[in-house]
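Remarks on the overall topology
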Amino acid sequence: MSNHPKLALTGATGFVGTTLLTHLTAAGWHVRALYRPRKGRVPPNLPGVEWLPGDLEDDAALDALVADTRAIIHCAGAVRGVSRADFDRINEHGARRVAQAAARQKEMPRFLLISSLAARVPELSHYAASKWRGECAVKAAAENLRWTVLRPPAVFGPGDREMLPLFLSMARGFAPLPAGGRRCFSLIYVEDLAAAVVKWLAADTGYGETFELDDGCPGGYDWESVLDIAGRVLRDGAPVRRLPIPVAMLNFAALLNVWGARLFGYAPMLTPGKVREITHPDWVCNGENFTRVIGWHPEFRLERGLARTFGKNTKNTEK
Ligand SMILES: NC(=O)c1ccc[n+]([C@@H]2O[C@H](COP(=O)([O-])OP(=O)(O)OC[C@H]3O[C@@H](n4cnc5c(N)ncnc54)[C@H](OP(=O)(O)O)[C@@H]3O)[C@@H](O)[C@H]2O)c1
């Protein structure tokens, strides 16, 4: 039996959760991690990690997950889907169930919800609305629950299935992007997000608050600045050409995709809601409040994070 403090983690098999797991164990936490058993799936044998089979819809598994833990990091989420129910089942009801499992403990573990900046604009998409409803569900789960909500913007890094394909295409010299007006957004490198969680655990404060966090780039990025950075880091300074895709064409592709998903039963990434998310003009946020309360500082702006993701050296690494 380990003497390290114990915490519960959901979503540990996903993009963000995999990096979280590494950072949490490196910080000395014993992690009990939920995973969905599937045929042929064997979770990796990692020091300091106890894997527990289960699902967000299984209350008994959630009780076992959170038993005797000091903290819960709820990172599991649905980022692909078609209907409101696809997203709510996991992002709203799943979050509620985990928070209720916490509330059933005699000594309630503190609770960190990895939400999303999308929750700031719930009317945009089923995903955005479900993340917002998940936040509300956690806040309402129990009066004494010490909860904190983190709202990261788009996360990038190794293993990412959303931004990484675009960066790979930029490495080849072109970037298919929605046509039309200027869009600004913040980003966060996955290791900075994991470090933020570790810092929250150590700080033991910030309860009852919802924090945005970003990589510290003032005003965020627009696509021109991203293309410029990608050219420098991934193409030794050679340009990356923008391939503008009309939004009407994206919407048409999204509708076809939804139709295909219903027919063949897969969870699609490109949907009309996703098109509204990626064409939204303002996803800029800033993590100054989180830094002030928790003492976390981001270390990777896009240039440095991209270089690390692609194993490149850059003389211009930013801090
Ligand atoms: N990636 C981003 O840019 C970004 C930005 C802001 C916020 N977020 C939030 O960060 C969290 C993680 O995102 P991600 O990009 O790492 O997504 P991901 O790679 O799709 O991982 C999702 C994780 O949730 C688990 N999960 C889904 N449904 C579950 C269920 N019913 N029961 C138990 N586990 C379940 C998945 O398990 P399986 O492996 O079994 O599928 C996986 O471990 C999500 O809450 C997302 O909303 C992500």
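Here, every reference points to the structure presented above.
Notes on the structure follow. This one's a predicted model, so the numbers in the text were calculated from it and none came from an experiment.

Some points on the packing of helix α7 (residues 223-234) against helix α11 (residues 302-309)
At a minimum axis separation of 10 Å, α7 and α11 run at an interaxial angle of 40°. By the angle between their directions, the pair α7 and α11 is classed as oblique. Here α7 runs over α11; the crossing is right-handed. Here Val226, Ile229, Ala230, Arg232, Val233 and Leu234 of α7 come into contact with α11, specifically with Leu302, Glu303, Leu306 and Ala307.

Digging into the environment of Gly295
Looking at the element boundaries, Gly295 is found in the loop between α10 (288-294) and α11. Between the C-alpha atoms of Gly295 and Ala118, which are 177 residues apart in sequence, the distance is 24 Å.

Focus: the site of the ligand
Taken together, 26 residues form the shell around the ligand, and within it Thr13, Arg36, Arg41, Tyr127 and Lys131 come nearest. One nitrogen or oxygen atom from the side chain of Asp55 is found 3.2 Å from a nitrogen atom belonging to the ligand. Take Lys131: an N or O atom from its side chain is 2.7 Å from an oxygen atom of the ligand. Within the residue set of the shell around the ligand, elements represented by two or more residues are α1 (15-26), α4 (126-140) and β7 (154-156). Grouping the amino acids of the shell around the ligand by side-chain chemistry returns 13 nonpolar, six polar and seven charged.

A word on the side chain of Asp160
Within the secondary structure layout, Asp160 lies in the loop between β7 and α5 (163-171). Buried and without a salt bridge, Asp160 has Arg80 as its closest oppositely charged side chain, separated by 7.0 Å. Of the polar contacts made by the side chain of Asp160, one reaches the backbone nitrogen of Glu162; its length is 2.7 Å. Reaching out from Asp160, the side chain makes a polar contact with the backbone nitrogen of Leu164 at a distance of 3.0 Å.

Structural notes on the packing of α1 against helix α6 (residues 190-203)
α6 packs onto α1 with a crossing angle of 50° between their chain directions and a minimal axis gap of 9 Å. Considering their axes alone, α1 and α6 lie oblique with respect to each other. Crossing of α1 over α6 shows right-handed handedness. Of the residues in α6, those touching α1 at Phe15, Val16, Thr19, Leu20, His23 and Leu24 are Val190, Glu191, Leu193, Ala194, Ala195, Val197, Val198 and Leu201. Of the residues contributing to the contact of α1 with α6, the split by class is eleven nonpolar, two polar and one charged.

Notes on the nonpolar core
If you look at soluble globular proteins, the nonpolar side chains tend to sit buried side by side. Within the largest apolar cluster, 56 residues are counted, with the highest numbers of intra-cluster contacts made by Phe111, Met170 and Leu302. Excluding residues within four positions of it along the chain, Met170 makes contact with Ala175, Trp223, Val226, Leu227, Ala230, Arg235 and Val240. Val16, Leu24, Ala33 and Cys75 belong to the second largest nonpolar core, which has 35 residues in total.

Comments concerning the sheet that holds strand β12 (residues 221-222)
Sheet architecture is open: three strands sit in the order β12-β9-β14, paired in mixed fashion. In this open sheet, the two edge strands, each paired with only one partner strand, are β12 and β14 (282-283). Of the strand pairs in this sheet, strand β9 (residues 184-185) and β12 are connected by two bridges, and their pairing is antiparallel. Of the residues in β12, the one forming a bridge with Cys184 is Asp222.

Considering α7
Taking 1.5 Å per residue, twelve residues should reach 16 Å; α7 reaches 15 Å between its end C-alpha atoms and fits that length. Those residues of α7 that sit buried are Trp223, Val226, Leu227, Ile229, Ala230, Gly231, Val233 and Leu234. Where α7 is buried, its residues contact α5, β8 (174-178), β9, β12, β13 (241-245) and α11. Residue Asp236 follows α7 closely and has a positive phi angle near 50°.

What about a nonpolar patch on the surface?
A surface patch of nonpolar side chains, about 530 Å² in accessible area, is lined by Trp259, Leu263, Phe264 and Tyr266. Structurally, Phe264 is set in helix α8 (residues 247-264).

Criteria and thresholds
- Residues numbered from 1 in each chain as written.
- Predicted model: local features only at pLDDT ≥ 70, side-chain atom pairs only at ≥ 80, totals over all residues.
- Heavy atoms only, no water.
- Axes fitted to C-alpha atoms, helices over the stretch in contact; angles between N-to-C directions.
- Helix = DSSP H or I, 4+ residues; strand = E, 2+ residues; numbered from the N terminus.
- Parallel < 35°, antiparallel > 145°, perpendicular 65-115°, else oblique.
- Left-handed = near helix turned anticlockwise from the far one by under 90°.
- Contact = heavy atoms within 4.5 Å.
- Near = heavy atom within 4 Å.
- Polar contact = N/O pair within 3.5 Å; in protein donor to acceptor, adjacent residues only side chain to side chain.
- Nonpolar A, V, L, I, M, F, W, Y, C, P; charged D, E, K, R; others polar.
- Buried < 20%, exposed > 50% of the residue type's maximum accessible area, 1.4 Å probe, protein only.
- Lys, Arg positive; Asp, Glu negative; His and termini not counted.
- Salt bridge = Lys/Arg side-chain N within 4 Å of Asp/Glu carboxyl O.
- Core = buried A, V, L, I, M, F, W, Y, C linked by side-chain atoms within 4.5 Å.
- Pairing = 2+ DSSP bridges.
- Expected span 1.5 Å × (residues − 1).
- Patch = residues over 30% accessible without salt bridge, like charges linked within 9 Å, V, L, I, M, F, W, Y side chains within 5 Å.
- Areas by Shrake-Rupley, 256 points an atom, 1.4 Å probe, with all protein chains shown as cover.

In short, the description is geometric, and any link to function would need to be established separately.
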